[in-house]
Amino acid sequence: MENISKTARLGKNLILGENSIIKENAIIGEDVVINKQVIIGNNVTIQDGITIGANSKIWDNSYIRSNIGNGCVVARGVFIDIEVPIGNNVKIQNRNNITHGVILEDGVFVGPNVTFSNDKYPRAINSDETLKSGSDWVCVKTLVKKGAALGAGCVIVCGVEIGEWAMIGAGAVITKDVPNYAMVVGNPAKIIKWVSKS
């Protein structure tokens, strides 16, 4: 298979669609489905049981723990945690950490270095000073609806809903729900105008 680098490590039961490419040092888990015309970049890791939608591109040094929709672009150095639904035609720019509990619907744009949180009261230890475990905190979900755009470096505090086609300005801090078609900026973010789909 000339479309798979000799240095890539492939798990059992890989299904690889036609015209898909797996580049150098990629690590593909077991039971992974990579649909047609997908590019998997250098040093990408895809965990067991993941499906990558057709015509998607996952660029270098990204780590994928959830399914990716069709026509998506996942740029360099992106970490996508478990149970993060990624819709179709989503663009996630460089250096993003999409935490457990985030939902990205179709057509969402995530600019570079956006910060998502998933814990309202984060601490490393419990009151008895023992290290917190997975059962010692509650994952709080965040929904980013269809067509929404998140500007570079914005911070999304967990538990909010970002409406359809909303625009979040670069560096904004989102602490409450953003309505459909609203443009928000600042810390804390405030509505400055209304936008259209274009």
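Quick caveat: nothing in here was measured; it's all calculated off a predicted structure. (Residues numbered from 1 in each chain as written. Predicted model: local features only at pLDDT ≥ 70, side-chain atom pairs only at ≥ 80, totals over all residues. Heavy atoms only, no water.)

A. Summary view of the sheet that holds strand β21 (residues 161-162). Sheet architecture is open: 3 strands sit in the order β15-β18-β21, paired in parallel fashion. This sheet does not close on itself; its edge strands, each paired only once, are β15 (102-104) and β21. With 3 bridges joining them, β15 and strand β18 (residues 142-144) adopt parallel strand pairing. Within β18, the position partnered with Leu-104 by the bridge is Val-144. (Pairing = 2+ DSSP bridges. Helix = DSSP H or I, 4+ residues; strand = E, 2+ residues; numbered from the N terminus.)

B. Broad picture of the pattern of salt bridges. Evaluation of the coordinates by the stated rule reveals 3 salt bridges. In this structure, the salt-bridge partner of Arg-76 is Asp-60, at a minimum N-O distance of 3.3 Å. Taken together, the residues span a long stretch of sequence, with Arg-76 in the loop between β11 (73-74) and β12 (79-80) and Asp-60 in the loop between β9 (57-58) and β10 (63-64) at a distance of 16 residues. For Arg-76, a relative accessible area of 45% translates into the label partly exposed. The closest approach of N and O atoms between Asp-81 and Arg-65, which form a salt bridge, is 2.8 Å. In this pair, Asp-81 is assigned in the loop between β12 and β13 (91-92) and Arg-65 in the loop between β10 and β11, connecting sequence segments 16 residues apart. Among the residues examined, Asp-81 registers a relative accessible area of 14% and is labelled buried. (Salt bridge = Lys/Arg side-chain N within 4 Å of Asp/Glu carboxyl O. Buried < 20%, exposed > 50% of the residue type's maximum accessible area, 1.4 Å probe, protein only.)

C. The arrangement of the side chain of Thr-45 in detail. On the secondary structure map, Thr-45 appears in strand β7 (residues 45-46). The class of Thr-45 is buried, set by a relative accessible area of 16%. With residues near it in sequence (within four places) discarded, Thr-45 still touches Ile-27, Ser-62, Tyr-63 and Ile-64. (Contact = heavy atoms within 4.5 Å.)

None of this, on its own, says anything about what the molecule does.
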